[in-house]
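The lines below spell out each chain.
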Amino acid sequence: FSRLSGCLLLQNLAHAEGGGAYRCTMNDSVVSNNAVLSDFSGIGGGVSLGTLTNCLLVGNTVLAEPGNGGGASGGRLVNCTVCGNHASHEGGGAFLSELQNSIVHGNVSEIGERNDVYGGTASYSCTHPDSDGIGNITNDPQLTPTFRLRSTSPCIDAGTTNGAPATDSDG
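Residues numbered from 1 in each chain as written. Predicted model: local features only at pLDDT ≥ 70, side-chain atom pairs only at ≥ 80, totals over all residues. Heavy atoms only, no water.

Some details on the environment of S131
Mapped onto the elements, S131 comes out in the segment after β24 (126-127). The class for S131 is buried, based on a relative accessible area of 13%. Considered as a pair, S131 and N115 are 16 residues apart in the sequence and their alpha carbons are 12 Å apart. Setting aside chain neighbours within four positions, we find S131 in contact with V117, A122 and N136. (Helix = DSSP H or I, 4+ residues; strand = E, 2+ residues; numbered from the N terminus. Buried < 20%, exposed > 50% of the residue type's maximum accessible area, 1.4 Å probe, protein only. Contact = heavy atoms within 4.5 Å.)

Have a look at this one:
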């Protein structure tokens with residue numbers, strides 16, 4: 001198991017799971033444009049089975065049959081933003097993951113109705129459609145091009161401090 005903090009994981013490739021990282025603890029990091037490419041099943045284009053806090057997952061892909069979890073598969077994401085990821089099957093953003101205080105928006109899955117989140121649990125998070133957990137919202141998070149919240153975002157103060165880190169990625 002690895003621990004990463006303040007890292008950029010960019011343009012990596014895996015053949016089964018965890019295009020950017022596998023079974024790691026990650027804080028204040030960016031996971032972008034990583035991929036899982038396989039002729040058989042694959043999961044977690046960005047991260048597989050990780051524990052992430054204050055991270056951005058953007059532009060990751062899992063292309064396999066089936067390919068699930070373009071951004072993340074399994075694991076736990078707290079105060080994370082998961083946008084613009086792609087899966088060839090289910091969960092373009094997150095697949096069978098635990099989400100808290102996270103934004104999962106604008107992801108794509110080729111099969112199924114759940115582009116952003118498939119399975120798992122979510123609390124105090126912004127997902128579409130609703131992830132059937134406590135405190136979730138489905139509104140457009142109103143992100144800037146740099147994935148920050150606009151001042152009019154419905155996500156501001158919509159999370160919970162229970163179990164959340166003391167600071168966000170900006171300190």
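Here we look at the sheet that holds strand β14 (residues 72-73)
Strands sit in the order β4-β9-β14-β18-β22 across an open sheet of five strands; the sheet is parallel. Of all the strands in the sheet, the pair left with one neighbour each is β4 (21-22) and β22 (117-118). Pairing of β4 with strand β9 (residues 47-48), which is carried by two bridges, proceeds in the parallel orientation. Residue pairing for β9: Y22 is matched across the bridge by S48. (Pairing = 2+ DSSP bridges.)

Some details on the sheet that holds strand β23 (residues 121-123)
Overall, parallel pairing links the six strands, which are arranged β1-β5-β10-β15-β19-β23 in an open sheet. Edge strands, defined here as strands with exactly one partner in the open sheet, are β1 (2-5) and β23. Neighbouring strand axes in the sheet, compared pairwise and without regard to direction, differ in orientation by 5 degrees on average. (Axes fitted to C-alpha atoms, helices over the stretch in contact; angles between N-to-C directions.)

Focus on unusual backbone geometry
In this structure, the amide linkage connecting E65 to the following residue, P66, adopts the cis form with an omega of -5 degrees. Its location among the elements puts P66 in the loop between β12 (61-63) and β13 (67-68). Phi at L49 takes a positive value of approximately 55 degrees, unusual for a residue other than glycine. Mapped onto the secondary structure, L49 falls in the loop between β9 and β10 (51-53). A residue is classified by how much of its surface remains accessible, and L49, at 35% relative accessible area, is partly exposed. With a phi close to 50 degrees, L96 is a non-glycine residue in the positive phi region. With respect to the element layout, L96 can be found in the loop between β18 (94-95) and β19 (98-100). Overall, the relative accessible area of 47% leaves L96 in the partly exposed class.

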